[in-house]
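# Breakdown of the fold
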Amino acid sequence: MFGTVNLTVKVHPVVLFTIADSYERRPEGGNRVIGTLVGNVDKQCVEVTNCFCIPHKEHEDKVEADIAYAQEMFELNKKVAPHETIVGWFATGNEITSHSALIHDYYARETKDPIHLTLDTTLSTGRVNMKAYVFVPIGVPRATSGSMVTPVKVQMTASEPEIAGLDLLHKTKHSKTRLVEPVPELTKIADAADKMENMLDIVIKYVESVLAGREEPDSTVGRALVNLVQSVPKMDPVKFEAMLNSNLRDLLMVIYLSSLTKTQLQLNEKLSMVSVNNIREMSKFLQIE
Amino acid sequence: MSDRGSRRNTENENRIESVQIDGLVVMKLIKQCHEAESSGNAFAQGALLGLVAETRPDARLEITHCFPFPGLNDETIDDEDFQLTMMRRLRQVNVDHQHVGWYQSAQFANFLSPTLLDTQFAYQTSIEESVCLIFDTAKTSQGFISLKAFRLTAEAIKMYKDGDFSPDVVKDLKLSFESLMEEVPIIIKNSHLMNALLLELKEQLPLDIESAQFLDLGTSGTLETQLRVMMDNVDELNQESIKFNKHQNLVLKQYQDKTRWIQKRQLENQARASRGEDPLPEEDISKAFKPIPPPSRLNPLILSGTIANTADEVSEFCSQSLGKLFITEPLQNAKMSASNAQ
């Protein structure tokens, strides 16, 4: 029973975005949004890859949720992503209410050991807090049994394309109108180079302050630094120059050839249109005769 | 909805100036397209939901939600049914339910195909403002998001309406491969809550997943694939050109035959008139010489468009690789001068 408390929950960013979006679209008067989480379960780790929200109403002592809706949405999702299964449910807000127990009961029937994720979209603590819980049954045997809500470790995970997407979305934080355009690649390279420069600055400052005795040297950092320096490949400078130059030449040639191809395409279009014109002129003559 | 009648009248002015996409849609697209790619499907398709901001003349299309279509290999699923059920369910949770377009994943700009144009035509005639969003999975795995929105131009729609792709029609409408599809600029928007979420995410994402992958110097692999694709397309375009040239030659020969035949008849008639006989009955020229059907210009246009797109992508890729090389050069020089100074 305690084995489940060693669970780690990994959440993809798209799940959080969907939850926030559902919260923004909630009906008038509602202040909580609930929905189903889908993903994969793998030994000690539950990976949540998608979610969808469910219309529900909360009253004093009972909860109304559209179960048919939940089942139908899951069927539809299964058609597109057959490997995803229900792994739990989410709710916005910061606390676990008694209604949560009722909802959790329903999900316990759908899948074994569902997890419960809360996302604090109301910003009650000034931050968007994300917590995950598992309901662990407790109680005396042969007497009333209940469940205890136990927090489990939750962390974000993202694949590389998702990180690239997040990088782009981050830029909206800095613009007043919250708009950003997808940037051309050269700008991205400049940005990445700037980032690297900043990181190198920080590292150099740290090294200097350690040498000047202002800071305590940390051996883990020192080892990491040694790894960093060692990982720069050692190459004969002449060979390196030659390799650089030949790469440069290749790229320039490719650029030249592709612009040549484009010009050829334009010519092709124009010439075929010219011949169409000629044919037309000739057939006009034929008609006149 | 009441001004839908007046919108139909101004069909020619119904341009979409820009497309505004929610951050949520971008993330969902990334997830779905990459999942499809890793699970072996050729490409992923889906529908876009949103609304049109009516501020004339700057008509903006807002995309607020999207959902994927089930895999194309499974024939038992009814597409229409799936779409309707999905949209009905989404409406219950207050998601904008106006269908404003569709999306497709692609590898390196090879998305132009007759099916794509057909689908976009069907969409654009039923829903005025629909766009087709192309998401490039190969480039995103390198670290660059590549999202493009396309619409068919008014001339292309006219050509599709007639269903006639002969060279004459193409010349009349002054269509070239560049004016087949027009690209609409994309803007990405996030709400304030999303911004707060992003700040939280930035702190939470473990640092070792952060990849500065696009600073990678190794470029030959992707370049090779792109160039190979381009070479294949150029070969096909060559074939189409040869077909077109053959057709032109045939038409020319036929024209010469016709002139000769007419002259012969005239001489015959003159000879008969001088002998006092009746002239030969007028024969219909077109029955004697059947008109040769011209080859469709659709394929060459598509191929030229694809080649132009690939050429653009290749140049962009090369320019950013050049940038990377230019960065390494002074670094290498600095290292050399440092080691020389010691």
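Summary of the structure given here. These numbers were taken from a predicted model, which means no experiment stands behind them. (Residues numbered from 1 in each chain as written. Chains lettered and ligands numbered in written order. Predicted model: local features only at pLDDT ≥ 70, side-chain atom pairs only at ≥ 80, totals over all residues. Heavy atoms only, no water.)

## Overview of a nonpolar patch on the surface
Together, Met196, Met199, Leu200 and Ile204 of chain A make up a nonpolar patch on the protein surface, roughly 380 Å² of accessible area in all. Tracing the chain through its elements places Ile204 of chain A in helix H5 (residues 185–211). (Patch = residues over 30% accessible without salt bridge, like charges linked within 9 Å, V, L, I, M, F, W, Y side chains within 5 Å. Areas by Shrake-Rupley, 256 points an atom, 1.4 Å probe, with all protein chains shown as cover. Salt bridge = Lys/Arg side-chain N within 4 Å of Asp/Glu carboxyl O. Helix = DSSP H or I, 4+ residues; strand = E, 2+ residues; numbered from the N terminus.)

## Some thoughts on the packing of aromatic side chains
All names here are of chain A. Inspection of the entire model under this criterion finds two aromatic pairs over all chains. Summarising the aromatic geometry, the rings of Tyr106 and Tyr107 are spaced 5.1 Å apart at their centres and angled 65° between planes, so their arrangement reads as edge-to-face. Taken individually, Tyr106 and Tyr107 each receive the classification buried, so the pair is uniform in this respect. Grouped by ring-pair contacts, the aromatic residues Trp89, Tyr106 and Tyr107 constitute a single cluster. (Phe/Tyr/Trp six-rings, centres within 6.5 Å; stacked < 30°, edge-to-face > 60°. Buried < 20%, exposed > 50% of the residue type's maximum accessible area, 1.4 Å probe, protein only.)

## A look at the interface of chain B and chain A
Facing the 108 residues of chain B at the interface are 91 residues of chain A. Summed over both partners, the interface of chain B with chain A comes to about 9400 Å²; 69% of that surface belongs to carbon and sulfur atoms. The three residues of chain B that bury the most area against chain A are Met27, Arg89 and Leu193 of chain B, which together make up 7% of that side's buried surface. Summed over the shared surface of chain B and chain A, the number is two salt bridges. Asp312 of chain B is the salt-bridge partner of Lys262 of chain A, the closest N and O atoms lying 2.9 Å from each other. Put simply, chain B and chain A have three residue pairs in polar contact (both at pLDDT 80 or more) between them. (Contact = heavy atoms within 4.5 Å. Buried area = accessible area lost by both parts, 1.4 Å probe. Polar contact = N/O pair within 3.5 Å; in protein donor to acceptor, adjacent residues only side chain to side chain.)

## Some words on the environment of Met148 of chain A
All names here are of chain A. Mapped onto the elements, Met148 comes out in strand S9 (residues 145–156). Once the C-alpha coordinates of Met148 and Val136 are considered, the two residues, 12 residues apart in sequence, prove to be 5.1 Å apart. Dropping the residues within four chain positions of it, Met148 is found in contact with Val134, Phe135, Val136 and Ile138.

## Topic: the nonpolar core
Judged by nonpolar contacts, the single largest core of 121 residues is most densely connected at Phe17 and Leu117 of chain A together with Val19, Ile21, Phe67, Leu117 and Leu133 of chain B. Setting aside residues up to four positions removed in sequence, Leu117 of chain A forms contacts with Val11, Ile19, Leu37, Trp89, Phe90, Ala91, Met130, Lys131, Ala132 and Val154 of chain A. In terms of nonpolar packing, the next biggest core, distinct from the first, is built from 11 residues, Leu244 and Val254 of chain A together with Val314 and Leu322 of chain B among them. (Core = buried A, V, L, I, M, F, W, Y, C linked by side-chain atoms within 4.5 Å.)

## Topic: the packing of helix H4 (residues 114–126) of chain B against helix H6 (residues 154–162) of chain B
Residues and elements named next belong to chain B. Where H4 contacts H6, the axes come no closer than 11 Å and their chain directions differ by 100°. In terms of orientation, H4 lies roughly perpendicular with respect to H6. Between H4 and H6, the contacting residues are Pro114, Leu117, Asp118, Phe121 and Gln124 on the first element and Ile157, Tyr160 and Lys161 on the second. Classifying every residue of the contact of H4 with H6 by side-chain character gives five nonpolar, one polar and two charged. (Axes fitted to C-alpha atoms, helices over the stretch in contact; angles between N-to-C directions. Parallel < 35°, antiparallel > 145°, perpendicular 65-115°, else oblique. Nonpolar A, V, L, I, M, F, W, Y, C, P; charged D, E, K, R; others polar.)

## Quick look at the side chain of His99 of chain B
All names here are of chain B. Checked against the element boundaries, His99 lands in strand S4 (residues 98–106). Exposure remark for His99: the relative accessible area of 13% places this residue in the buried category. Residues contacting His99, with those up to four places away along its chain left out, are Ala47, Leu48, Leu49, Gln83, Met87, Tyr123 and Ile127.

## Some thoughts on the pairing of strand S3 (residues 60–68) of chain B
Consecutive residues of a regular strand have side chains that alternate between opposite faces of the sheet. Residues and elements named next belong to chain B. Along S3, eight of the nine residues are buried, which leaves the element largely enclosed by surrounding structure. Taken together, the four bridges between strand S1 (residues 18–22) and S3 define a ladder with parallel strand orientation. Counterpart to Val19 in the pairing with S3 is Leu61. By the bridge criterion, eight bridges tie strand S2 (residues 45–53) to S3 in an arrangement that is antiparallel. Its bridge partner lying in S3, Leu48 is registered against Cys66. (Pairing = 2+ DSSP bridges.)

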